[in-house]
Structure formats: structure tokens, C-alpha cells
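# Notes for the structure review
Listed below are the residues making up each chain.
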Amino acid sequence: MAASLLHWRLLGHVAASASAVKTLGTTRTGISDILSIENDFFNSPPKKTVRFGGTVAEILMKYKKGETNDYELLKNQLSDPDIKDDQLSNWLLEFRSSVMYLTKECEQIVSILLRLQWLNRGQKVVEEYLSFLGNLVSAQTVFLRPCLSMIASHFVPPRVIIKEGDMDVSDSDDEDDNLPATFDTCHRALQIITRYVPSAPWFLMPILAEKFPFVQKSERILECYVHNLLRISVYFPTLRHDLLELIIEKLLKLDVNASRQDIEDAEASAALTSDGTDAPEGLFNMDEDEEAKSEARADPIQLGHMVHPVAERLDILLSLLLSYIKDVCYVDGKVDNNKTKDLYRDLITIFDKLLLPTHASCHVQYFMFYLCSFKLGFAEAFLEHLWKKLQDPNNPAIIRQAAGNYIGSFLARAKYIPLITVKSCLDLLVNWLHMYLNNQDSGTKSFCDVALHGPFYSACQAVFYSIVFRHKQLLGGNLKEGLQFLQNLNLERIVMSQLNPLKICLPSVVNFFAAITSQYQLVFCYTIIERNNRQMLPVIRNTAGGDSVQTCTNPLDTFFPFDPCVLKRSKKLIDPIYQVWEDMNIEELPEFKKPIKKEIMEDEDDDFLKGEVPLNDPVIGITPSSLDSHFRSPSSSVGSPPVLYLPQQSPVLSRICD
């Protein structure tokens, strides 16, 4: 369709050119005669070429006196779609010298001038139009917003109208070869306007937000608009924070509408379809059919496109943002510390405002992961920032829990974080956990309740998760030194405490942590896990009668923000700095020697959460209900008061239960 569109537009241009040549040929013939006419036209004063009862200035003055005939005629002539470049250029020249008369009363004719199709015309018209815009906004600032709005509307591919039967079909001209030149001219126009009106960027920002295409628009439209916004941030640095916040906000809307599971299901379905496994075998296999099948297989999977439409938009825009971050931070192949610091400050405030409060975003947060890979100092600054969020009691519990999730996932997944930094963070987290337990020992709230101790459980899970991922590095170099470090953490006190974190944390994390710590005789968790399983109450009968009341198996927000990226373009930038889950050797851990589900062992793409321990392993003490059921009492543990627990219907817990 795009090819036919392009063909239609080219035919239109040819017809218009032929018409122009034919018109000129009615008076003179030959190329020299045509050039002579053009020279005469351009060299003659404007007042001799535009004749509507006088010059443009005279027409505008007459209009202010109430004489509207010449004014209406001028409006009609400017609205003519077949207006010639030379005529338009001379009109613009006259308007440029008459901007003092273009007051608010002349809004209609200014509106017509701003709707002119000037970008696809000759260079002389473009330059004259740019000069006109500069003069207009300097003399009549009332038209600043309309001018900026007109320019912003050209940051996406133009819409072209084609006829299909009796219907007009609108489509974007994605194959327009002039798009880069068009965008260059628009950015020139913005800079010219700002030269005359220095405050223009502050008027521009709300217009750019208003003009942002709907997230369901085509990938090409969104890509062009975001590209132009990022380009504006380069020459208007005061707008960079607001522009990045706008872009990331739109990315987040796409992200929460494309879950990792939906994306993987779409890719798997497309892979099955392309392999032909779900298609019946035909009676005859013709050569043409085989060629058609091979072409179908190449699209879109082999071309690196996402099958899920929302994921495709998200992937294009996120990869564009990551490339922009690298372009800003790197100068001549080296990281520029000052530029990277400035960008980090912008992005960390956006992260706090948009990412931390958002539950279960899958991919957008990777912009921080990518930026921190440029230099260790930025990764440490990010960890310190999250640490302050976690330990600050003035922050909402949901923010503190999210910060704990980010710390654990970042320590586990960032390949560029050295072991010494991991140890320092574990020291900080574990010391805070011990201080928390010290404060709870003498209190009346020392029992297992995620509503009361959410940040504590989040920090525990961050510690368990980091040890599971990093235990080989912690113990690989010097086993004695590594064991001494882990023993000094005194994890046994945390695990055996009355707050019972093994009951609240994600079962897969708990099981791997228990297996590792048991092998190295650091902590023996299985007795507590067995007791938790025995005390589990899957269903609680409401004492008032009626239906049963169901509670969450894992009311802790078990969100791992840096789980594997499944976006194909962005993944290429993330993979070199990403720590994938390495399945533990079955021979290493005696608790894992029993057969594991075949599909888990054979799936090479399974990551940490998919590589769970066998559900029927009596040594680990996990029953199917403890892993798969969504219902239990989160407070029935050692030290809990003998009362029936009914969860409060808070928005956070309700969302987790759902």
C-alpha cells in the first residue's frame, strides 16, 4: 500500500510540473524563454507582481478600515492548492515587511499562512517562510503558540489522502524520502523563533505534550515524534528533563500494557506458526507454496521484529532512548563525566516520580540499568539512592518495598557491579535487618505480618535473591574467606526470627536460598519451611457465614524489575552487561538430586524464576499448595498471636491478591 501511495504522489507531482510547463509555453517557447520569465518575475518589485487592489500592506490597512473585498480575495488566493512557488515567495516577502499590520484582527489570514504546505516547496520559498516566521513572532507575540504548534505538527510523517472507491483513506507517508530534510527545517524554524523570542521553549513544552501521538498510533509515527523530541533536548537543554519525563511516561503506558508473559506467548505462537507445526499438511507441495512459506517465515521473527504490536512500539522507542543516552554520555568514544552526571540527575528524578510507584513495569526501567553501566560510580550512586529510599521511614511502605526490589534485582543482574560492591550492599542490608529485629524484639508487633513489616521482608528478599545469584562469586575465589563473610552476616538470626521472612518471601527464592545455605552449613531453613507448610491455612471460613475468605499466598510485592529483557532491539544493548541465571549443578546440591520436571530441564530460555525446585521434594518440604496456591494466612507463624487473620483490603494487598 505504501508503494502505491508513493506512486500516486509522484504522479501528482509530474502532472503539476507538466501543467506548469504548459502554462508557460502558451506565451513563449524554449528553456531560455522560461528562465527569462522567472528572472523577470523574481527581479521585479513585489508591488508589480501582486495586484489585489494594492500591496499586502495596503490590503491589510483597508481591512482595518472595514473594506474586506480585497482581504477576502487575498485569503482565497493563498488557500489555492495550486499556488506557484514564485508567487508564494513574493507574497511571503510582502507579508514579512507587513507584520506590524498582522494584529489579532488578522487571525484568519495568519491561520491560512500557517497552514500553507511550505516544507515540500523550493528552497527559496522555505527560506522566505522561515524569515516570515521570525518577523511574525518578534512583532506579534500573540501568534507565538500557533507558530510553535504548526512546527510541532510536522514532527510526524505527513498524512496523505487516497481514494478507494467512494471513500477517502488516510495514511502516513512512511516512505517519504524528504522526511529527514523536513525535520531539519522544522528544527531550524524552532531555533529561529527562539532567537527572536527567548522564552519560546517554555511555551513549546505544553504544545509538544499535547501533540504527542496516541500510543496506539503506528510505530513509525511514534518513532519520528520521539526522535524529534530527543533532538530538541539537545539544543534546548532546559527542556531536557521535561522532554525525557514525557517520553518515559508514554513508554510506561506501553510497558504496563505488554506484560512479559503476553510478549513471550505471542512470540511462541508466531514461532509455532512459522514452523508450520499447527498447520495441516497439504496433499501437494508445490514449489510456489514452499517459496511463499519461506517468505512468511522471514516476517517478522527473522527480521528482528516483535510479534506483539505493543511490544514492537515499546521496543523501537526504548532502543531509541537507550541510543540517545549513549550519544549524550559518550564524547569521542569516552564517557564524559559532566554530561553523564547531568543526565543521571534528570533520569533519577524521573525514576523516582514515574518508575518507583509503578507496579510491575517490565522494561522501561532498563534506561537506568544501561546508564549505570557506563561507570561504576553511577551504579553505586543508584544503589545508594535506593538504599536511602528503603531505610527512610518517612517514605510510603510501597516505595520502600519497591526500592528493596530494585536493590536485589540490580545487585543480582548487573554484570558490571564488582564483588566488593555486592558485599558492601549486603553488609548494609543485613545490618539494617538486625537493627530492625533489635527494635522489634521488645515490641508488641513482633509477629509475621507483611502489612506491618513490608520493607523488612523486601530487604530480606533482596538479600536472599542476591546471595542466590552471587553465591558462586562470593565463594568461588577463596572459599574460606567467602564462608567467613557469609557467617559474619548472621543470617540464621534473621531466618529464625519471629518475623519469619521465609514464609513471606517468594517460594522460589526461599527454596534456592535454603538449598545453598544448607549445603555450606550457613543456615538450616528446612525445619522452618516445613513448619510454615504445616501451619498454612489455604481457606479461612468467615465466622459471619457465607462464602469463604481467601488470603494471599505471598502478599509481599515480589516484583523483580530487572528480569530478562524480551524486547529484541533493546536486548542487544542490554545483554552484554546482563547477568543471566546460571542453573545450579544438580550434583552440587544434594537436595536437588531428585528428578526435576522434564520441561524445566529442557527449556534453555528459562531464567531464575522458571528454574524452580521440584514441587514434590520432601527434603525441601515444599508441597504443591505452597507454591501454586494463592491462599494462606500470612501471620500464622512462630510468635504470632492466636487470632484469626483477615487481611485488610488495602489497595496494595488487593492488587497483589488479584
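Residue numbers restart at each chain and count upward from 1, following the sequence in its written direction. Reporting in this predicted model follows two pLDDT cut-offs: at least 70 for local features of residues, and 80 or more for side-chain atom pairs to be given and counted; totals over whole chains, interfaces and linings ignore these cut-offs and use all residues. Remark: hydrogens and water are excluded; side-chain values derive from all non-hydrogen atoms of the structure.

Runs of H or I in DSSP of at least four residues are treated as helices and runs of E of at least two as strands, each being numbered from the N terminus. Within the chain, the regular secondary structure consists of 30 helices and 4 strands. The classification of residues rests on relative accessible area computed with a 1.4 Å probe and restricted to protein chains. Under 20% of the type maximum is buried, over 50% is exposed, and intermediate values are partly exposed. Across the 658 residues of the chain, 48% fall into the buried class. Excluding contacts between residues fewer than 6 apart, the proportion of contacts in the chain whose partners are at least 24 apart in sequence is 76%. If you sum the accessible surface of the chain, you get close to 32400 Å²; carbon and sulfur atoms cover 53% of it. Note on contacts: a residue pair is in contact if any heavy atoms of the two residues lie within 4.5 Å. Working definition of accessibility: Shrake-Rupley area with a 1.4 Å probe, residue cover restricted to the visible protein chains.

It is worth spelling out the pattern of salt bridges at this point. Should their charged atoms come close, side chains of opposite charge can pair. Salt bridges, as used here, are contacts in which a Lys or Arg side-chain nitrogen is within 4 Å of a carboxyl oxygen on Asp or Glu. Taken as a whole and judged by the stated rule, the model has 18 salt bridges. Arginine 96 serves as the salt-bridge partner of glutamate 128, at 2.7 Å between the closest nitrogen and oxygen. Here the residue glutamate 128 occupies a position in helix α7 (residues 123–139), and arginine 96 occupies one in helix α5 (residues 85–96), the gap between them amounting to 32 residues. Among the ionic pairs, aspartate 342 bridges to arginine 345, the shortest N-O distance being 2.9 Å.

Here, axes are lines fitted to C-alpha atoms. For helices the fit covers the stretch in contact, and angles between N-to-C directions go from 0 to 180 degrees. Their axes nearest at 8 Å, the elements helix α19 (residues 397–413) and helix α21 (residues 450–476) cross at an angle of 5°. In terms of orientation, α19 lies roughly parallel with respect to α21. Within the contact between the two elements, α19 uses Arg400, Gln401, Gly404, Asn405, Gly408, Ser409, Leu411, Ala412 and Arg413 and α21 uses Gly454, Pro455, Ser458, Gln461, Ala462, Tyr465, Ser466, Phe469 and Arg470. Partitioning the contact of α19 with α21 into residue classes produces 6 nonpolar, 9 polar and 3 charged. These descriptions rest on fixed angle ranges, namely under 35 degrees for roughly parallel, over 145 for roughly antiparallel, 65 to 115 for roughly perpendicular, and the rest for oblique. For this classification, Asp, Glu, Lys and Arg are treated as charged, while Ala, Val, Leu, Ile, Met, Phe, Trp, Tyr, Cys and Pro are nonpolar and the rest, including Gly, are polar.

Moving on: the confidence of the model for the chain. A residue's pLDDT is simply how confident the predictor is in it, with values from 0 to 100. The pLDDT averaged across the chain works out to 77; a share of 69% of its residues lies at or above 70. Predicted confidence in the chain is weakest over helix α29 (residues 624–628), with a mean pLDDT of 31, and strongest over helix α17 (residues 366–372), with 97. Segment residues 1–35: pLDDT under 50, and 24 contacts once partners within four positions in sequence are set aside and those in other chains are kept. Note on residues 278–298: pLDDT is under 50 here. Beyond four places in sequence and across chains, it has 8 contacts.

As a further point, take the nonpolar core. Put simply, a nonpolar core is a bunch of buried Ala, Val, Leu, Ile, Met, Phe, Trp, Tyr and Cys residues held in one set by side-chain atoms that sit within 4.5 Å of each other. Counting residues in hydrophobic clusters, the biggest one holds 179 residues, and the most contacted among them are Ile325, Phe367 and Phe410. Top contributing element to this core by residue count: α21, with 14 residues. Sequence-distant contacts of phenylalanine 367, defined by excluding residues within four places in its chain, comprise Ile248, Leu321, Leu322, Ile325, Leu347, Phe351 and Leu355.

In this section: the packing of aromatic side chains. The pairing test for Phe, Tyr and Trp rings, Trp by its six-membered ring, is centres within 6.5 Å, and the orientation test on the planes gives stacked under 30 degrees, edge-to-face over 60, and tilted for anything in between. Per the counting criterion, the structure on display carries 31 aromatic pairs. Clustering of aromatic rings is evident, with ring pairs tying together Phe351, Tyr366, Phe369, Phe382, Tyr406, Phe410, Tyr416, Phe562 and Tyr578. Charge-over-ring placement is defined geometrically: NZ (Lys) or CZ (Arg) within 6 Å of the ring centre, and within 35 degrees of the ring normal. Here lysine 326 stacks its cationic end above the ring of tyrosine 330, 5.7 Å away from the centre of that ring. Between the NZ or CZ atom of lysine 423 and the centre of the ring of phenylalanine 485, over which it lies, the distance is 5.3 Å.

Looking now at the packing of helix α11 (residues 219–235) against helix α12 (residues 240–255). Interaxial distance between α11 and α12 falls to 9 Å at its minimum, and their mutual angle equals 160°. Classified by the interaxial angle, the pair formed by α11 and α12 is roughly antiparallel. Note on packing geometry: the crossing formed by α11 with α12 is left-handed. In this structure, α11 contributes Val226, Leu229, Leu230, Ile232 and Ser233 to the contact, and α12 contributes Arg240, Leu243, Leu244, Leu246 and Ile247. Taken together, the residues that form the contact of α11 with α12 break down as 8 nonpolar, 1 polar and 1 charged. Each crossing gets its handedness from the near helix: less than a right angle anticlockwise from the far helix is left-handed, clockwise is right-handed.

Take helix α9 (residues 179–196) next. Expected span, for any helix, means 1.5 Å times one less than how many residues it has. An ideal rise of 1.5 Å per residue puts 26 Å on 18 residues; α9 measures up with 26 Å between its terminal C-alpha atoms. If you check which residues of α9 are buried, you get Leu179, Thr182, Phe183, Thr185, Cys186, His187, Ala189, Leu190, Ile192, Ile193 and Thr194. Turning to α9, the residues buried within the fold contact α7, α8 (144–152), α10 (200–211) and α11.

Once that is clear, we can look at α8. Among the residues of α8, those classed as buried are Leu144, Cys147, Leu148, Met150, Ile151 and Ala152. Of the surrounding elements, those touching the buried residues of α8 are α6 (107–114), α7, α9, α10 and α11.

One non-glycine residue, aspartate 332, adopts positive backbone phi at about 55°. Mapped onto the elements, aspartate 332 comes out in the loop between β3 (330–331) and β4 (334–335).

Summarising the element assignment, histidine 241 is placed in helix α12. Note: C-alpha distance between histidine 241 and leucine 343 (102 residues apart in sequence) is 8.5 Å. With sequence-adjacent residues up to four places away left out, histidine 241 is seen in contact with Asp346, Thr349 and Ile350. By the criterion applied in these results, polar contacts are pairs of N or O atoms within 3.5 Å in which, for protein atoms, one can donate a hydrogen and the other can accept it, and in which residues neighboring in sequence qualify only through two side-chain atoms. A polar contact is formed between the side chain of histidine 241 and the side chain of threonine 349, at a distance of 3.0 Å.

Turning to the side chain of aspartate 255, a few remarks are in order. Along the chain, aspartate 255 falls in helix α12. If we skip the residues at most four places from it in the chain, aspartate 255 touches Leu314, Ser361, Cys362, His363, Val364 and Gln365.

For the rest of this paragraph, the subject is the environment of cysteine 525. One can find cysteine 525 in the loop between α25 (507–519) and α26 (526–534). When the C-alpha positions of cysteine 525 and valine 510 are compared, they lie 8.7 Å apart, and in sequence the two are 15 residues distant. Contact partners of cysteine 525, with chain neighbours within four places excluded, come to Val495, Leu502, Phe513, Ala514 and Thr517.

Along the chain, histidine 434 turns up in helix α20 (residues 419–441). Residue classification places histidine 434 among the buried positions, given a relative accessible area of 12%. Side-chain polar atoms of histidine 434 contact the backbone oxygen of asparagine 490, separated by 3.5 Å. Only 3.2 Å separates the side chain of histidine 434 from the side chain of arginine 493, close enough to count as a polar contact. When near neighbours in sequence (up to four residues on either side) are disregarded, histidine 434 contacts Leu489, Asn490, Arg493 and Ile494.

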